[in-house]
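Notes for the structure review
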Amino acid sequence: MADAATLDAPETEPHGAGHDHGHDDHGHGHPSLAHHFEDLEQQFQAGKLGMWLFLAQEVLFFSGLFAAYTVYRWHYPEVFVDAHHHLNKTLGAVNTIVLLASSLAIAWGVRAAMRNDRRTILNTHVFTLGCAALFLGVKAIEYTHKWDEGIGAGNFYKFTGGHVSADWYFGDYMPGIAIWSIVIGALVCWGGAIWASNAKVVKGWVTGSIGVCILSFGLGIVLAKCVMPTEAELARAEGHGGPHAASHDAPATGKPMPAPAHGELVQTSMSAETTTDGQTAPAAEGVATTEDAAKADQPPSEVVNPEGANVEIAKAEVVQGEAPGGEPAASETLGQAAPREPRFGAANFFSIYFVMTGVHAVHIIAGIIAITWVVAKAAADEFSAEYFLPVENVGLYWHLVDLVWIYLFPLMYLIH
Amino acid sequence: MISQSREHSLLEAITADPSRKVYIPQGRSYLQNPPGTTFWQGVASWVFTLDHKRIGVMYLCGVMFSFLLGGLFAGAVRMELWNGTPDLLGDTLQTAQDNYNQMFTLHGAVMTFLFIIPSIPAALGNIFLPMMLGAKDVAFPRMNLASFYLWCSGAIFFIATLLTSGLDTGWTFYTPYSTTTSTSVILATMGVFILGFSSIFTGLNFVVTVNTMRPKGMTWFKMPLFLWGIYATAIIQVLATPVLAITLVLLMCERLMGIGIFDPLLGGDPVLYQHFFWFYSHPAVYIMILPGMAIISEVIPVYSRKHIFGYTFIAYSSIAIALLGFLVWGHHMFTSTESKLAAVIFSALTFTVSIPSAIKVFNWLATMYKGSIHLNTAMLYALAFIIQFTIGGLTGLFLGALAVDVHLHDTYFVVAHFHYVMMGSTLIAFLAGIHHWWPKMFGKMYNERLAQIASGLVFIGFNLTFFPQFILGTQGMPRRYAAYKPEFQFLHQLSTSGYFVLGAGLVMAAAVLIYSLFRGKKAPNNPWGAATLEWKCCSPPTTANFEIQPWTGSPYVYDDFVFDPDEGGYVEVLPDLHRSAAVPAERPAVPATH
Ligand code: HEM
Ligand SMILES: [Cu+2]
């Protein structure tokens, strides 16, 4: 029976029996070879193809956002041009350079893995981590600055043309956060270095990496602050109080204010048109369709009187009661507690901005985790010229994250 | 097809010399743990298993549970429709209608996202893809397990939706209604989002497995057609699902923050949502049907005892469907302010998709032609598939024709169309697959006669439920209404009666199968005489799948298989001298160092 089987099957060794095919040099019994692969080569091919498919998936994930961006920019080019002036080009450029540098470093790290150069893998990856955290530090300043200005996504868009006057600004806390990050990060780095030199290599490098992240996050904040004064500072420099105080408490869409020009940062270009027309025109007509919102870029209304606004809200409620119909037996209990008023304008640009950069930032954070994992494995000396798949894959992922930003930067910051 | 005389001589050969039966070593079933395993170790061995077969079995249980749940919702819908006044699901007209909206939504969402999309690929595909390939496992076993747990978390979100305020948007979550309704849209979309990643993981795993894990000798064109179908499906899963994922993220943001992307009141474009949704969901209908077609391509040749006709055509048509499927999403939006030009183009493209589908049907028919057809349960389901898929596909063409669709859109005609393809085809293929592979999966034979009767009930019940809906649709009955005019009542009542027949058939099929687990006869290695690799190991297989790496012959040549009364199943007979001379040539050379 046994030789019958041999006749029929070219590979008849029962599992566990030694292979005589002479590819032991391909890593049979290699500690990193999973049991279901024939050899390291097959495992490498599988892992790499898997990563490419994952990246394809990522590209399609982002492509939905890019498609949405395209549609809205196509429909409302002037909104995009106006609103984008609120983004700080210098910071965008800084972040672009930071990410490019990190991509270069990680590519170098992959090369080092192929050459069995553990030390360079570690250095390049820690450098990449530093860049990633720096990027996030800069983004933190950008985001908090927007928030303090009243610029958020969708309903959180409360920009009124002037500085928001509030008791509490994120911006006030950022220097503290920066200092603490730098101090704590430096201490953690130091601890990691001690560990690493005391033969606790893996723990040391991982701790060091975390320290570098915290430290560079703080540095990113400092860097960004050098470029861009915070909203809080601007507001105080203006030394105001009264008139704007009210506007801060205004409902989501706020009341349009003639934008006071000050500094290059808060341009008047958040034109009254974009913030107000979308609110006034469709509601005034009592119809809430996209086309109407589109039509709405006509003369900028100066100031809408408060009563008028209320009337609009009331109308909007009526509209809303009908608009979502479509469903036959739609229940009547649907109305949301808060009345929704029609609006269109810069809020839409910033919605897209925050969603896209936010999703991108989430990818950066995932990348930081992945790179730290590679550092840990590299510190444990698990990689070699035969087996460096994780280094390669994380590197590919990082390039993609980088690439997405390379598109986001001009699309968001450099619109004409 | 094997001639009588050949069968006879094979039988004689093995009676004379039993060692000519291909030896298949028996071993411990993958379902069992080594003796001495404690209860909790046993539980852990399932919870943390990396064995693709166990993961597949867990998926099977999960999707069957979802199917039951979705089926109960469907029952509520059908019973409400027994008469034209909404009275069953609530005391007042309003509550009855509200609950009706919830029922059809939950039915559709559960059936689509929890059941039909993972059904064939993640359950049967997981178990059989590596085995049919001759591999030990899928490429990324841990990712495979992760995919299952993602599925579970998605299911938990659905249950949370149910327990909170439910869902009444329809399974498509169309905006702007979905941004304004007070039901739990966020929970449900979060669930779908997670299920999407579960599906992506499965697909990614399968593509990589097929590309890189084929053992020597398993060339692309020696792969069983099931693998081609699953491969094509997997490509769609990887490329289409992320678009749904981001769409749902945007929808959630729209509800949470009013970002004004889909909500017209906030300057958004609701039609953009439809584009995004169908960019995924049309390809997704092929995620549903391609695996079904793949099963049918396995079942038909086995029970016709004849080589599949047009192997390469079937293989390539799967890929063609997968790719063309990305180009036709606009046919769901003919009436949603789509430009005339776009509508005409989408309509024309829709017609092209039906070509590869028809190619498959013709090839199956040609395979059966002059075959010696065995009407086993799996084959009965396959025949039902051919009939129902033909009806479903052709009515898809009616709907793809622009002028016709303007009238039929959002009527029961559409409902009947997609039930013929989703339930009448995919579910039926799933049942065919379950009956075909049951002996291999669980090592038990079920009662064939009772299973055949159940399949008959399913066939009658299904057609009784859904055929009247075509007529209802052409007469103008719109979908998603709890109330209707008296003239529609008779057809609605036919349909509701059909639900009960169908339900009875399904319950009976389940009972027959479950009973076999306890009382069934032990299954032989190869009860149906199939030639694909999964039958070349013991039933149920061991954890390693193959104790001896089987020889990869043609998956559809049945010449060397003969029913051996001693084994109670088919055995492969080693080639006689004449043929064995030819065998070494087909063997791969001993691999040199590469
Ligand atoms: C032969 C190829 C097919 C063609 C030409 C086709 C065509 C169409 C068209 C034009 C519609 C839109 C009808 C309308 O809303 O007015 C439609 C709806 C639908 N089709 Fe198909 N179809 C085909 C196959 C399938 C398959 C294989 C499935 C699933 C397994 C499927 C599932 C659906 C579903 C679920 C809907 C309705 C979606 C909804 O509005 O809820 N179709 N089909
Ligand atoms: Cu479609």
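Residues numbered from 1 in each chain as written. Chains lettered and ligands numbered in written order. Predicted model: local features only at pLDDT ≥ 70, side-chain atom pairs only at ≥ 80, totals over all residues. Heavy atoms only, no water.

**Regarding the overall build of chain A**
A tally of helices and strands in chain A yields 14 helices and zero strands. For chain A, the N- to C-terminal ordering of α and β elements is α-α-α-α-α-α-α-α-α-α-α-α-α-α. A total of 416 residues make up chain A; the buried ones form 53% of that total. A sequence separation of at least 24 residues applies to 80% of the contacts in chain A between residues at least 6 apart. By element, 66% of the accessible surface of chain A is carried by carbon and sulfur atoms, the whole surface being about 17700 Å². (Helix = DSSP H or I, 4+ residues; strand = E, 2+ residues; numbered from the N terminus. Buried < 20%, exposed > 50% of the residue type's maximum accessible area, 1.4 Å probe, protein only. Contact = heavy atoms within 4.5 Å. Areas by Shrake-Rupley, 256 points an atom, 1.4 Å probe, with all protein chains shown as cover.)

**Topic: the coordination of the iron atom of ligand 1**
You will see that the iron atom of ligand 1 has only one donor from the protein, His417 of chain B (NE2), lying 2.1 Å away. Here the copper ion (ligand 2) and the iron atom of ligand 1 are spaced 4.5 Å from one another. (Donors = N, O, S within 2.8 Å, 3.2 Å for Na, K, Ca; no water.)

**Comments concerning the pairing of strand 4 (residues 569–572) of chain B**
As judged from the four bridges shared by strand 3 (residues 561–564) of chain B and strand 4 of chain B, these two strands associate in the antiparallel manner. Along strand 4 of chain B, the bridge assignment pairs Phe563 of chain B with Tyr570 of chain B. (Pairing = 2+ DSSP bridges.)

**A word on the packing of aromatic side chains**
Two measures describe an aromatic ring pair: the distance that separates the ring centres and the angle between the ring planes. By the definition in use, this model includes 61 aromatic pairs over all chains. For the pair Phe350 of chain A and Tyr353 of chain A, a centre-to-centre distance of 6.3 Å together with 80 degrees between the ring planes defines the contact as edge-to-face. One end of the pair, Phe350 of chain A, and the other, Tyr353 of chain A, are both in helix 13 (residues 346–379), three residues apart, so they sit about a helical turn from each other. Ring geometry for Phe385 of chain B and Phe389 of chain B: centres 5.7 Å apart, planes at 10 degrees, overall stacked. Of this pair, Phe385 of chain B and Phe389 of chain B both sit in helix 12 (residues 377–400), four residues apart, which is roughly one turn of that helix. (Phe/Tyr/Trp six-rings, centres within 6.5 Å; stacked < 30°, edge-to-face > 60°.)

**Digging into the pattern of salt bridges**
By the definition in use, this model includes ten salt bridges over all chains. Residue Glu142 of chain A pairs with Lys139 of chain A through a salt bridge whose shortest N-O separation is 2.9 Å. One end of the pair, Glu142 of chain A, and the other, Lys139 of chain A, are both in helix 5 (residues 118–149), three residues apart, so they sit about a helical turn from each other. Look at Lys139 of chain A and you get buried, because its relative accessible area is 3%. The salt bridge partner of Asp410 of chain B is Arg479 of chain B, with a shortest N-O separation of 3.7 Å. In this pair, Asp410 of chain B sits in the loop between helix 13 (402–408) and helix 14 (412–442) while Arg479 of chain B sits in the loop between helix 15 (448–474) and helix 16 (489–519), placing the two residues 69 residues apart along the sequence. Assessed through its relative accessible area of 36%, Asp410 of chain B is described here as partly exposed. Take Arg479 of chain B: its relative accessible area is 14%, and that puts it in the buried class. (Salt bridge = Lys/Arg side-chain N within 4 Å of Asp/Glu carboxyl O.)

**Re the UniProt feature "transmembrane region" (unreviewed entry) in chain A**
Residues and elements named next belong to chain A. The sites that carry the UniProt feature "transmembrane region" (unreviewed entry) are, in the present numbering, residues 52–72, 92–110, 177–196, 202–224, 350–376 and 396–415. The distance from the first to the last C-alpha atom of residues 92–110 is 27 Å, and the span holds 100% helix and 0% strand. Within the segment residues 202–224, helix and strand shares are 100% and 0% respectively, and the terminal C-alpha atoms sit 33 Å apart. (UniProt positions renumbered as here; feature names shortened; annotations may be inferred.)

**Regarding a nonpolar patch on the surface**
Taken together, Ile179, Trp180, Val183, Ile184, Leu187, Trp190 and Ile194 of chain A make up a surface patch of nonpolar side chains, about 750 Å² in accessible area. Checked against the element boundaries, Val183 of chain A lands in helix 6 (residues 170–197). (Patch = residues over 30% accessible without salt bridge, like charges linked within 9 Å, V, L, I, M, F, W, Y side chains within 5 Å.)

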